[in-house]
Amino acid sequence: GGIPIIHAMQSEFYADDLTRVMGIMNGTTNFMLCKMEDEGASYNTVLKEAQDLGFAEADPTADVEGFDVQAKISILAKLCYGKTVDPSTVPTKGISSITDIDFEYAKIMKSTIKLLGCAQTNPDGSLAVFVSPMMVPLTSTLASAKGPGNMVAVSSENMGASTFAGP
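This is a predicted model, so every value here is computed, not measured.

S.K.: Please provide a residue-by-residue account of helix α3 (residues 43-52), values included.
M.R.: Listed as buried for α3 are Tyr43, Val46, Leu47 and Ala50. Viewed end-on, α3 has its buried residues packed into an arc of 105°, placing them on one side of the element. For α3, exposure combined with an orientation more than 90 degrees from the buried face picks out Asn44 and Asp52. The elements touched by buried residues of α3 are α2 (27-39) and α4 (61-64).

Structure follows, in structure tokens:
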């Protein structure tokens, strides 16, 4: 995508202690989830539209099942924490089972649903890395990413919260 996150991880955060990197790392799934939420469209309808617009491949599995994000969060985990994470070991859940009822519950909870990749340090110093659709409070910066946009939020000891956004 268009987010200069790799350069930032290699330079701006070099001497900082990162506690979490989390974000929307696939524009296709963000486009689809936004359409489902805003228009009440079905998963199959928005998938076809994403394919017609060129956002999704003819075989969209890597996008919609989270494998694209799985690879990206593995790379970011290496850059952020210096630990090699085999993408095949990252627990991953895609968006193909999300329905309109999920968005109804999210709305009740003043939230939205985004497919997020996350890498974070646990209190014991271990690293947790996963990909999953998650409820995101509407007050969160991540909730503001619309359409095919991507957004990554980085939390660190010195900088606090930093957000990177782009196409």
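The discussion continues.
S.K.: If you had to explain unusual backbone geometry to someone new, which residues and values would you point to?
M.R.: With phi around 50°, Lys110 is a residue other than glycine that occupies positive phi space. Checked against the element boundaries, Lys110 lands in the loop between α6 (100-108) and β2 (111-121). Among the residues examined, Lys110 registers a relative accessible area of 62% and is labelled exposed.

S.K.: Lay out helix α5 (residues 67-81) with the relevant residues and their values.
M.R.: Over its 15 residues, α5 extends 21 Å from the first C-alpha to the last, a length consistent with the 21 Å expected when each residue adds 1.5 Å. Listed as buried for α5 are Val69, Gln70, Ile73, Ser74, Leu76, Ala77, Cys80 and Tyr81. Positive backbone phi, at 70°, marks Gly82, one or two positions downstream of α5.

S.K.: Tell me what's going on with the sheet that holds strand β4 (residues 150-156), and back it up with residues and numbers.
M.R.: Strand order across the open sheet formed by 5 strands is β3-β2-β1-β4-β5, with antiparallel pairing between neighbours. Because the sheet does not close on itself, it has two edges, and the strands there are β3 (127-137) and β5 (160-166). Strand after strand, the sheet turns through a mean of 20° between neighbouring axes, direction not considered. Note: β2 against β3, 11 bridges, orientation antiparallel. When the bridges of β3 are listed, Leu116 appears paired with Ser132.

S.K.: Tell me about the packing of α2 against α3, residues and numbers included.
M.R.: Viewed as axis vectors pointing N to C, α2 and α3 meet at an angle of 135°, and their least axial separation amounts to 9 Å. Viewed along their axes, α2 and α3 adopt a mutual orientation that is oblique. Considering the relative orientation of α2 and α3, their crossing is right-handed. On α3, the residues that touch Thr28, Phe31, Met32, Lys35 and Met36 of α2 are Tyr43, Val46, Leu47, Glu49 and Ala50.

S.K.: An account of a nonpolar patch on the surface is requested, with residue identities and associated values reported.
M.R.: The grouping of Ile101, Tyr105, Ile108, Met109 and Met135 at the surface amounts to a nonpolar patch, some 550 Å² of accessible area in total. Ranked by the residues each element gives to the nonpolar patch, the list is headed by α6, at 3 residues. Topologically, Ile108 is positioned in helix α6. Residue classification places Ile108 among the exposed positions, given a relative accessible area of 65%.

S.K.: Pulling in residues and values, what's your account of the side chain of Thr28?
M.R.: Summarising the element assignment, Thr28 is placed in helix α2. At 2.6 Å, the side chain of Thr28 and the backbone oxygen of Phe55 are in polar contact.

S.K.: Hey, could you go over the side chain of Asn26 for me, with residue numbers and the actual values?
M.R.: Residue placement: Asn26 occurs in the loop between β1 (18-24) and α2. At 3.1 Å, the side chain of Asn26 forms a polar contact with the backbone nitrogen of Thr28. Within polar-contact distance, the side chain of Asn26 engages the side chain of Asp63 at 2.7 Å. The contact partners of Asn26, leaving out residues within four places of it in the chain, are Asp63, Asp68, Val69 and Asn150.

Cut-offs applied
Residues numbered from 1 in each chain as written. Predicted model: local features only at pLDDT ≥ 70, side-chain atom pairs only at ≥ 80, totals over all residues. Heavy atoms only, no water. Buried < 20%, exposed > 50% of the residue type's maximum accessible area, 1.4 Å probe, protein only. Helix = DSSP H or I, 4+ residues; strand = E, 2+ residues; numbered from the N terminus. Arc of directions from axis to C-beta. Contact = heavy atoms within 4.5 Å. Expected span 1.5 Å × (residues − 1). Pairing = 2+ DSSP bridges. Axes fitted to C-alpha atoms, helices over the stretch in contact; angles between N-to-C directions. Parallel < 35°, antiparallel > 145°, perpendicular 65-115°, else oblique. Left-handed = near helix turned anticlockwise from the far one by under 90°. Patch = residues over 30% accessible without salt bridge, like charges linked within 9 Å, V, L, I, M, F, W, Y side chains within 5 Å. Areas by Shrake-Rupley, 256 points an atom, 1.4 Å probe, with all protein chains shown as cover. Salt bridge = Lys/Arg side-chain N within 4 Å of Asp/Glu carboxyl O. Polar contact = N/O pair within 3.5 Å; in protein donor to acceptor, adjacent residues only side chain to side chain.

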